[in-house]
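Architecture and fold: a report
These are the residues of each chain, in order.
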Number of protein chains: 2
Amino acid sequence: MTNQNVLFFGDGHADGDASQKILLGSKGANLAEMTKIGLPVPPGFTISTNVCSYFYKNEKKYPANLKTDVAKAIEQMNSSLKNLGCTFGNSENPLLVSVRSGAPVSMPGMMDTVLNLGLNDQTVEGLIKASGDARFAYDSYRRFVMMYSNVVLGVSTSFFESELEEMKADAKVEEDTELTADQLKLLVKRFKLVLQEHTGKIFPENPHEQLWGAISAVFQSWMNPRAITYRSINNIPQDYGTAVNVQAMVYGNMGNNCATGVAFTRDPSTGDNKFFGEFLINAQGEDVVSGIRTPHPINEESFNDSNKEKKTLSEAMSDAYADLVLTYKKLEKHYGDMQDIEFTIQNGKLFLLQTRSGKRTAAAAVTIAVDMVNEGLIDKRAAIQRVTPGQLDNLLHPRLDPNAKIDLLTRGLPASPGAVSGKVVFDPDTAEDWVREKDEAVILVRIETSPEDIHGMNVARGILTARGGMTSHAAVVARGMGKSCVAGCSELHISYANKSMMVGGREFKEGDLLTLDGTTGRVMLGEVPTIFPELKGSFHTFMSWVDEFRKLKVRCNADSPKDSQVALDFGAEGIGLCRTEHMFFEEDRIGEVRKMILAEDGHTRKEALANILPMQRGDFHGIFKVMQGKPVTIRLLDPPLHEFLPHELEEVKRLAAEMGIDEASLRRRKELLHEFNPMLGHRGCRLGISFPEIYRMQVRAIMEAACRLKKEESQKIEPEIMVPLVGAWKELAYIRAYCADEIQQVFEEQGIELPYSIGTMIELPRAALTADQIAHDDQGKADFFSFGTNDLTQTTYGLSRDDAGSFLGNYLDRGLYSEDPFVSVDMDGVGELMKIATQKAKQVKPDMKLGICGEHGGEAKSVHFCHTVGLDYVSCSPYRVPVARLAAAHAAMGTTSIGLLP
Amino acid sequence: MTNQNVLFFGDGHADGDASQKILLGSKGANLAEMTKIGLPVPPGFTISTNVCSYFYKNEKKYPANLKTDVAKAIEQMNSSLKNLGCTFGNSENPLLVSVRSGAPVSMPGMMDTVLNLGLNDQTVEGLIKASGDARFAYDSYRRFVMMYSNVVLGVSTSFFESELEEMKADAKVEEDTELTADQLKLLVKRFKLVLQEHTGKIFPENPHEQLWGAISAVFQSWMNPRAITYRSINNIPQDYGTAVNVQAMVYGNMGNNCATGVAFTRDPSTGDNKFFGEFLINAQGEDVVSGIRTPHPINEESFNDSNKEKKTLSEAMSDAYADLVLTYKKLEKHYGDMQDIEFTIQNGKLFLLQTRSGKRTAAAAVTIAVDMVNEGLIDKRAAIQRVTPGQLDNLLHPRLDPNAKIDLLTRGLPASPGAVSGKVVFDPDTAEDWVREKDEAVILVRIETSPEDIHGMNVARGILTARGGMTSHAAVVARGMGKSCVAGCSELHISYANKSMMVGGREFKEGDLLTLDGTTGRVMLGEVPTIFPELKGSFHTFMSWVDEFRKLKVRCNADSPKDSQVALDFGAEGIGLCRTEHMFFEEDRIGEVRKMILAEDGHTRKEALANILPMQRGDFHGIFKVMQGKPVTIRLLDPPLHEFLPHELEEVKRLAAEMGIDEASLRRRKELLHEFNPMLGHRGCRLGISFPEIYRMQVRAIMEAACRLKKEESQKIEPEIMVPLVGAWKELAYIRAYCADEIQQVFEEQGIELPYSIGTMIELPRAALTADQIAHDDQGKADFFSFGTNDLTQTTYGLSRDDAGSFLGNYLDRGLYSEDPFVSVDMDGVGELMKIATQKAKQVKPDMKLGICGEHGGEAKSVHFCHTVGLDYVSCSPYRVPVARLAAAHAAMGTTSIGLLP
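Residues numbered from 1 in each chain as written. Chains lettered and ligands numbered in written order. Predicted model: local features only at pLDDT ≥ 70, side-chain atom pairs only at ≥ 80, totals over all residues. Heavy atoms only, no water.

**Section: the sheet that holds strand β31 (residues 757-762) of chain A**
Residues and elements named next belong to chain A. Pairing is parallel in the closed barrel, where eight strands are placed in the order β27-β28-β29-β30-β31-β32-β33-β34. Averaged over all adjacent pairs, the angle separating strand axes in this sheet is 25°, with direction ignored. Note that strand β32 (residues 784-787) and strand β33 (residues 849-852) share four bridges and pair parallel. Paired with Phe787 across the strands is Ile852, a residue of β33. (Pairing = 2+ DSSP bridges. Helix = DSSP H or I, 4+ residues; strand = E, 2+ residues; numbered from the N terminus. Axes fitted to C-alpha atoms, helices over the stretch in contact; angles between N-to-C directions.)

**A look at the interface of chain A and chain B**
The interface is formed by 51 residues belonging to chain A together with 51 residues belonging to chain B. In total, about 4,600 Å² of surface goes out of reach between chain A and chain B, with carbon and sulfur atoms giving 55% of it. Area buried by chain A at its contact with chain B is led by Phe676, Leu680 and Arg766 of chain A, which between them contribute 15% of it. Where chain A meets chain B, there are two salt bridges. Across the pair Arg766 of chain B and Asp826 of chain A runs a salt bridge whose closest N-O atoms are separated by 2.6 Å. Where chain A touches chain B, the interface holds 28 residue pairs in polar contact (both at pLDDT 80 or more). Elements supplying a minimum of two residues to the side of chain A that touches chain B: α25 (663-673), α26 (685-690), α28 (729-750), α29 (765-769), α31 (789-797), α32 (805-813) and α33 (827-844) of chain A. (Contact = heavy atoms within 4.5 Å. Buried area = accessible area lost by both parts, 1.4 Å probe. Salt bridge = Lys/Arg side-chain N within 4 Å of Asp/Glu carboxyl O. Polar contact = N/O pair within 3.5 Å; in protein donor to acceptor, adjacent residues only side chain to side chain.)

**Things to note about the side chain of Gln773 of chain B**
Within the secondary structure, Gln773 of chain B sits in helix α30 (residues 771-775). Beyond its immediate sequence surroundings of up to four residues, Gln773 of chain B is in contact with Asp828 of chain A together with Trp729, Gln779 and Gly780 of chain B.

**Overview of the packing of aromatic side chains**
Residue and element names in this part refer to chain A. Enumeration over the complete set of coordinates arrives at 42 aromatic pairs over all chains. With 4.0 Å between their ring centres and 10° between their planes, Phe275 and Tyr328 make a pair best called stacked. Of this pair, Phe275 sits in the loop between β9 (259-264) and β10 (276-281) while Tyr328 sits in helix α12 (residues 318-335), placing them 53 residues apart in sequence. Judged by relative accessible area, which is 10%, Tyr328 ranks as buried. (Phe/Tyr/Trp six-rings, centres within 6.5 Å; stacked < 30°, edge-to-face > 60°. Buried < 20%, exposed > 50% of the residue type's maximum accessible area, 1.4 Å probe, protein only.)

**Some thoughts on the sheet that holds strand β2 (residues 13-14) of chain B**
All names here are of chain B. Overall, antiparallel pairing links the six strands, which are arranged β2-β1-β3-β8-β6-β7 in an open sheet. Two strands in the sheet have a free side with no partner beyond their single neighbour: β2 and β7 (113-117). Sheet topology places strand β3 (residues 44-47) next to strand β8 (residues 243-248); four bridges connect them, and they run antiparallel. Directly across from Thr46, in β8, lies its bridge partner Asn245. Against the sheet, helix α8 (residues 207-221) engages β3, β6 (97-102), β7 and β8, with an angle of about 15° to β6.

**Quick word on the pairing of strand β31 (residues 757-762) of chain B**
With six of six residues buried, β31 of chain B is to be regarded as a mostly interior element. Handedness of the crossover is the feature at issue here: the chain leaves strand β30 (residues 720-723) of chain B, passes through helix α28 (residues 729-750) of chain B, returns alongside β31 of chain B, and the resulting connection is right-handed. (Right-handed = clockwise from strand over helix to strand, strands pointing away.)

**Some details on the relation of the copies chain A and chain B**
The operation relating chain A to chain B is a screw motion whose rotation component is 178°, with 0.1 Å of axial translation and a residual RMSD of 0.6 Å. The two molecules are tied by a two-fold rotation axis, judged by turn and shift. The share of interface residues of chain A whose copies in chain B are also at the interface is 100%, consistent with both copies meeting through the same surface. (Least-squares fit on C-alpha atoms with pLDDT ≥ 70 in both.)

**A look at helix α1 (residues 21-36) of chain B**
All names here are of chain B. Given a rise of 1.5 Å per residue, 16 residues ought to cover 22 Å, yet the end C-alpha atoms of α1 are separated by just 15 Å, more than 12% below that figure. Considering bend angle alone, the principal kink of α1 is centred on Lys27 and spans about 80°. Note on α1: the residue one or two positions beyond its end, Gly38, has a positive phi of about 95°. (Expected span 1.5 Å × (residues − 1). Bend = angle between axes of the 7 residues up to and from the residue.)

Structure follows, in structure tokens:
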């Protein structure tokens, strides 16, 4: 058995491995593992958590053999670096070490670290010789003295800092870097005096004494108060203890056979499988990143406009480069992912300082995942976990060119993703005119949108509103259309009258250029360049793998043949929500709809409905046709009727004239329809109960369209009719009865019968609580349920999505809501109701078809929740379908998405 | 053992008793019981359900001895009527019988009945002789032939009816009663021919044959399809079977020693313990009721203006009257309740035809219940069950004089009980002027009311609105004030501009007289006389008994010292809901409140709040003082701020001037506060999170008032501070923290400490679903919960109480809601959430104090539900406190209220 107190790693050999996190701490175990698989990690050793336990159980004493063990490990370290010639304490060519804590669970910043340990008045001369840089050596030395005095001997850094300030003042310089080697050398002296003044102690010149001081400090830091508090908050056992990692320090700035650099194992922008990176000879890591010197390419594949004249690493240090190539290949094989690495070459020998999964663009994420499967590096399962739903969402929308400069005006809610630029207009008619007649790109800016704005939204590139939340009208419609939208931008002050808006003291007029980023909620001045990642073959391959894993079906919310086609192209397996009211708003029919609503008598109403019938039939026929037999759920009319009436004076006048009634009586009827809380008013199935003729017309239109298509193309077709806002089973029973009657009439007229089902939204708490009654064949007899989580969230929280804007931000800022409940399903409240409803429904009908059609259906965490609850499908806007498919696959794998990208 | 197939009853003896409902059916068992306790019930016998079972198990045959048993029972019947001299089949003096079904569970109208059985061409002559009325005898005969032919022999009644029509046409008369004895005699002949034509059968003249035919028909009717369906719907076992009751028919119109009458054992108007009733010599029951002849009083206590000259029954038939007195005393003793009886005297012998609990006024109900306890007839428990909550409610409000003629204009919702008359006015200012200056009684008529109308509501006698439901602003405020209100009267068309309203084609101007009945929702023309039952000593005695039984505490919803005093007088045990916003509306402070709301900067807001503080402190001081140490729950500000802003142009102008800002910017701020769905908007604790300074001021006012009172009167005082609209535990935790801080400051300033608690309303589904989190000491740390079932109903149903008016009526008419959920707690939805919340809260805090402060707290069925769920108290408007106390007692007894009055 290997020594369990001191475990060496270096030069391809390690006493421990990755499985020993409890003994070695997380860092120690990883260093051992990396060494073991042959990565050129600087050598060192780990003093295990056993020693820490012993230390605290034995009045801060060490086990008997520890000194011997450590001495042996130092010898191994010296020996593994023999071709560099440095050894620990050697004043000609000193080996310096870092001493770091490392607990079994990461506790970032909680415990202590000492760097450059081993420097003293002799070894600093050796370092000068080895590096040829006295300033570097003394700078390291003065830092070490300060760090050691602070961490090990307990002197506050502020005393050293004021000494440093004094020195700079004397030297009449402003920056630390302007101090010369001699001045730094003097500073080391003064630092040592500071130490003596405050502790009475002399700075230990003996590197071994330094080392034991540092080891003891790390062990002591396990019990410092902030570490104890951190563990207690994060449920980390207090008796785990920490390990101590002592590791050789290496330098890329010790001469011209030294270098330092960074590299990606694949292209993080495109995902292309090419090794690529930058480096500098005789330099420190910071030099590469800071841009003071232009870095060299590591190989020809890393050439770009500014560096293609420079010598590559493969030319300059071919052996080290060859090692680097071997290393990166090992890394990818071992981690099964693209790595972002930092390396240093000291005296021609390559060392790996850091490796981590590399950040990448959405397109690169997909390409890399697919390529790695094809290369046999990972399996499909792993590939799917490599891409987050958020990345996929980015992939489907244009985004800001990451290199573009932006002038940020304000921020709103990221209501519908994508970056777009255009001229601002403040009303839908102007939007339409400018687009149609002048072919302008426009951004429609509204205080809030209403269904009357649809034609303007339809032509605009993006939508910007001052009010409303993530599920406001603007947000929902924009997402449905796949258009960029920034909503609830409360800093905007819009004046329709002046056709202008104020933001941050600046005024914008109609026609001024703005850019919206609906992915982040930013509003920017002028036209910011955007890029649209193309969907490559790898995207389709990736999505086909996704579908192999998921259990949830994914449908779309679509109201037109066009949207349905988009959704089909994105892999939708049906329509989960076809809203019939959007059809009502189309220009050629809104007039008849209004006549229907304002009809003073049954005859006029029937006449108007008769005129609407063929239009709706046409809509449904088109959708059924596109959907090729896939399931289509059509929701009967839902919004309160007053939503369809004109608001503007002019329009009211025109309508009155058209209908041949006087304006005052039209206004009176309109006023009668006014509601204090329309969301809780005369809408949904309540309309179907007050005006059965409306739902009868809709059901007739659906079934006539279906029968027609069946005759034309003998296509399989089984319409799903969905009744909204049911709260009591008798509502559904009542509506179901007359719908079934109307359908039977259609069948008789058409001489053909079709299977169909009638179900309901579960969008009221009462519907969830009485789901068994609504489902039961002797009561509501619902054939299916679809959770309408937008409304369910509103009623469960008693929170209007249109009005929440004024305080929701404050709530999120203060952490009163951990997330916007209109974005991600609130598990404790809304989710609880979904569970109750699912359980009650399945008690009555074990095979009840259950879905979700709220906006949450396209949000990853919510999709995961739907999977857990046991729904059959989620339904979301067409542009969210791929996201939902991926989230469903992740859910089926029992994992949430990994955190590759923020 | 008595015969189990045929059981006799009559003349003080019965083979069965009330316990034998399965054997004798419900009717048979009661007839036996009544006979047994000595009531003069006409004799008869019951053929038991055993025979029915035998009949169906043995191919519709009877048990061997049945004929003998029936013959024996007929003899007993004859014998028990020997002093009348009539016997079954006797053609000189025939005994006629009724044959009725009677199952163990009542199945009204489901099975068959035959009356006057025993008539034939001979016995009809005997009946003429006995009654001296040939027309009566032949009318009975023709009815019997038709009924027998239909029920026993299966001929449709329509054939007989057309024969009757033909006869009337021939006789040139319009009414059946205009046919003479001879014409009726002829009709009997024709009916017999009809029977023969349709069945080939001759009408059976033999009374025994008639009887067996009828018995068989009743047994067969057990299995008729509508009876089978009825049993299956009502879960009545199909094998119960029916009994057959054969009972002697008696007549009060067979001569001058015959009579018929009705009586109450006590005065149904006042409850006074006096026997009182009316009768007619030689008459049928209908004659007494119809008013064709003026009835005689049965005794001197029954004298009134129109009958005091007439001979009483005690004078005319002293023996029968003495029997009647004995009978009514027995009845009261047996049933322990005031009875409404029908009696007949045939040839001097008294028969009781019917007895039932008598309908009575609310005042009488209480008086009778109390008197009967004092008389030892019933115990307190029974007394409490004799009065319904509805009666008690009537008792507390004026009602229409039941003798008054009314001209009904329209109906609305019975929003707050009581009948009042007054002159209509259409705005609150006029209401105030007319009452203050002209001392007029006014009825305030509004489309809907808003908090700005309070001063007008306060002076009006009653309130009438065109819109709004049972928990609309008008309804809630009116109930709180104990004022009559008819709400949501959709047939009213009100024009504020013309100061007039149209209803049913009639126009009413300001100043026209109307009467409202808030108990029934009626609106009537002119001034209808009303009566106000005085609360007698019996009321207070009764209520003190009620309190001995109930487990639930009863608090009141009161916002002022005056209301609190009213509630205390009605027995309230604390305040469950003190709404602070009503205080905000008072004339002397609304200005400061508006300044506070519209403040553009923190300084102005603080200044306004500082001005409001002493006023609120005064309010609370007054309430605490009146409540004498009883618990007081104060709800922090709840409504959205825009509710406090002026609507009228004039007022906006005035306010702008007062605040020294321009009108446009005031209007702009007002518009910023506008909400689409205020019920789901920026209100409740959301205000407390956006503007902590408001809640801090309120909490300070509460605690300063409490400290002051403690110092002044060293009164026990423990304020309960209630945070509204909590949906997530962090909201409460956040508000609780700063309230506790403010309270600590007050304690330090005052140099005194008081116990206090901070709890929350449960009025959102999410609050109910996460009640454990809200209650948990490490999370929300609520000290108590109060169910706000008004809002909870709104959010659970997704139904605005202010907007529901337009369709709720339709829902109730169609039975889609079995009851208005704003009136009676919806057990399946809202109730389910209450159960969930209670259970979750008690998991965390077993002793958590739980109450209800929604309008449901004063409704009997809801109170019962609260008892079942395990709440500690209910809270309701002051005028509903007695109702809640009674309902709570009924609930504790495990009974709902008995159905004495509709």
